[in-house]
Amino acid sequence: AQHAYAALRDQPALATCGRRVTLMMNAGLMADLPSLVGSGAEGVGLYRTELQFLIRSTVPRRRAQAELYGRVMDAAKGQRVVFRTLDIGSDKVLPYLKPQDEPNPAMGWRAIRLGLDRRGVMRMQVQSLMRGANGRPLSVMFPMVAQFDEFRAARQIVLDEYAREQDLGHTVPESLEIGAMLETPSLAFAPDAFFELTDFLSIGGNDLKQFFFAADRENERVRRRYDTLNVSYLTFLGQIADRTATHGTPVSFCGEDAGRPVEAMALAAMGINTLSMRPASIGPVKHLIRRVSIEEARRVIDEARCSGAQSVRPAVMAWLADQGI
Ligand code: PEP
Ligand code: MG
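The structure displayed is predicted, hence computed values, not measured ones. Every chain is numbered independently, its residues counted from 1 as its sequence is written. The naming scheme follows written order: chains are lettered A onward, ligands numbered 1 onward. Totals for whole chains, interfaces and linings use all residues, but because this is a predicted model, local features are given only for residues with pLDDT of at least 70 and pairs of side-chain atoms are given and counted only at 80 or more.

Some remarks on the overall build of the chain
Consideration 1: Strands are runs of DSSP state E lasting at least two residues, helices are runs of H or I lasting at least four, and both sets are numbered from the N terminus onward. From N to C terminus, the chain includes 15 helices and nine strands.
Consideration 2: Against the compact-globule benchmark of 20 Å for 325 residues, the chain has a radius of gyration of 20 Å, which places it among compact chains.
Consideration 3: In terms of principal-axis extent, the alpha carbons of the chain reach across some 60 × 45 × 35 Å.
Consideration 4: Partly exposed residues are those whose C-beta has more than 12 but fewer than 20 other C-beta atoms within 10 Å; 20 or more makes a residue buried and 12 or fewer makes it exposed, with C-beta atoms placed from the backbone. Considering the chain as a whole, with its 325 residues, one finds that 40% of them fall into the buried category.
Consideration 5: For the purpose of contact definition, each residue receives a C-beta atom placed from its backbone, and two residues are in contact when these atoms lie within 7 Å. Counted over contacts in the chain with a minimum sequence separation of 6, partners at least 24 positions apart contribute 68%. Based on C-alpha atoms, the radius of gyration is set beside the globule rule, defined as 2.2 Å times the residue count to the power 0.38.

Looking at helix α7 (residues 148-167)
Consideration 1: The span expected for a helix works out to 1.5 Å for each residue beyond the first. Spanning 20 residues, α7 covers 29 Å between terminal C-alpha atoms, matching the ideal 28 Å at 1.5 Å per step.
Consideration 2: Listed in full, the buried residues belonging to α7 are Phe151, Ala154, Ile157, Val158 and Glu161. Along the axis of α7, the buried residues cluster in a sector spanning 120°; they form a single face. Exposed residues lying more than 90 degrees from the buried face of α7 are Asp149, Gln156, Leu159, Asp160, Ala163, Gln166 and Asp167.
Consideration 3: Against α5 (111-117), α6 (119-133), β5 (138-142), β6 (176-182) and α9 (192-197) lie the buried residues of α7.
Consideration 4: Positive phi appears at Gly169, one or two residues downstream of α7, with a value of about 80°. The directions from the helix axis to the C-beta atoms form the arc being described.

Observations concerning the site of ligand 1
Consideration 1: Taken together, the neighbourhood of ligand 1 is formed by Leu46, Arg48, Asp87, Glu183, Gly204, Gly205, Asn206, Asp207, Cys254 and Gly255.
Consideration 2: Elements with a minimum of two residues in the shell around ligand 1: β3 (44-48) and α10 (205-212).
Consideration 3: Per element, the largest residue contribution to the shell around ligand 1 is three residues, and it comes from α10.
Consideration 4: In this classification, the charged set is Asp, Glu, Lys and Arg, the nonpolar set is Ala, Val, Leu, Ile, Met, Phe, Trp, Tyr, Cys and Pro, and all remaining amino acids, among them Gly, are polar. For the shell around ligand 1, the per-class residue count stands at two nonpolar, four polar and four charged. The criterion for a residue being near a molecule or strand is a backbone-placed C-beta atom within 6 Å of that molecule or strand.

Overview of the nonpolar core
Consideration 1: Judged by nonpolar contacts, the single largest core of 84 residues is most densely connected at Ala266, Leu267, Ile272 and Leu275.
Consideration 2: When residues in this core are grouped by element, the largest group, six residues, is from helix α12 (residues 261-269).
Consideration 3: Aside from chain neighbours lying at most four places away, what touches Ala266 is Leu229, Leu234, Ala297, Ile301 and Val316. Under the definition applied here, buried Ala, Val, Leu, Ile, Met, Phe, Trp, Tyr and Cys residues are grouped into a nonpolar core through C-beta atoms within 7 Å.

Looking at the pairing of β6
Consideration 1: Among the seven residues of β6, five are classified as buried, and the element is accordingly described as predominantly covered.
Consideration 2: At least two DSSP bridges between two strands are needed for those strands to be called paired. In this structure, β5 lies alongside β6, joined through five bridges in parallel fashion. Among the inter-strand pairings, Leu138 is bridged to a residue of β6, identified as Leu176.
Consideration 3: A crossover links β5 with its parallel partner β6, the connecting element being α7, and its sense is right-handed. By convention, a crossover is right-handed whenever its connection, traced from the first strand over the helix to the second and viewed with the strands pointing away, goes clockwise.

Section: the pairing of β3
Consideration 1: Most of β3 sits inside the fold, with five of its five residues counted as buried.
Consideration 2: Note that strand β2 (residues 20-27) and β3 share three bridges and pair parallel. Residue pairing across strands places Asn26 opposite Leu46, the latter belonging to β3.
Consideration 3: Inspection of the sheet shows β3 paired to strand β4 (residues 81-84) by three bridges, in the parallel sense. Residue pairing across strands places Val44 opposite Val81, the latter belonging to β4.

These values are about where atoms sit, not about what they do.
Here it is as structure tokens:
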């Protein structure tokens, strides 16, 4: 099968109905980058910057950070890389950001919340990203945005740093995209102005699903209980896709579900046309998408949603089996 996937590497993820899905990869360490060529990914949809921080005992200095981000962009050879700012929580303890004893770290002082309270760290990371870009286009996104003001404040930090770099006579990125991860249900109901202001959105399905169902993503007792193809969840994702489409806001999905072929197909059917996943999943996801009609998949999903079923999975699997898939 690996062989068959390799043959698909340079083929587009084009469904039989003509719908084109963009498949990108997730990364977090320099060692992941060679997969960009090997997998046929169309860029890095999620670069988890905290991984580089977690493997060190002191905060990487600006120069080291900038060098690293620059090398990541070099390795991407002009393809888009979306850098996610630090997603540190009190479960991922850094010696230089004092650990807090929190009963629910996933819902605690993490990600953008910490970034806005410790602005020095955020500013340094943003400066490093700009210096690493060294005149190339730069995409930055913030994790765990729960309300509009958090995004506004973080975005302003990026704009301030851009102006400061310019004042210092440094080379600024040729273009700048500032986006948010949609990982909390609240953000899906943010004011229209949020959808207008953000340059793009990426759905962090791992967190979004755990908060949607109130089921800890790391708790084996509950984490498999709620199907990604659950009608409530798919309906919610469809509403997000529709809202972003109304505002012309590009939306992608970068949680683990994007790398599961049937789930990926369902996400595309709900209107999410860009998926970012671990590199090894690109082949299997592309293989399935090229064999099906996304439009028909949507009809099957909609019918199942109306039937009172809890999950559309049985209907989708039966439909695939009918086609010999
Ligand atoms: C997610 O929550 O889906 C996501 C991509 O981010 P992480 O898994 O790093 O929390
Ligand atoms: Mg997340």
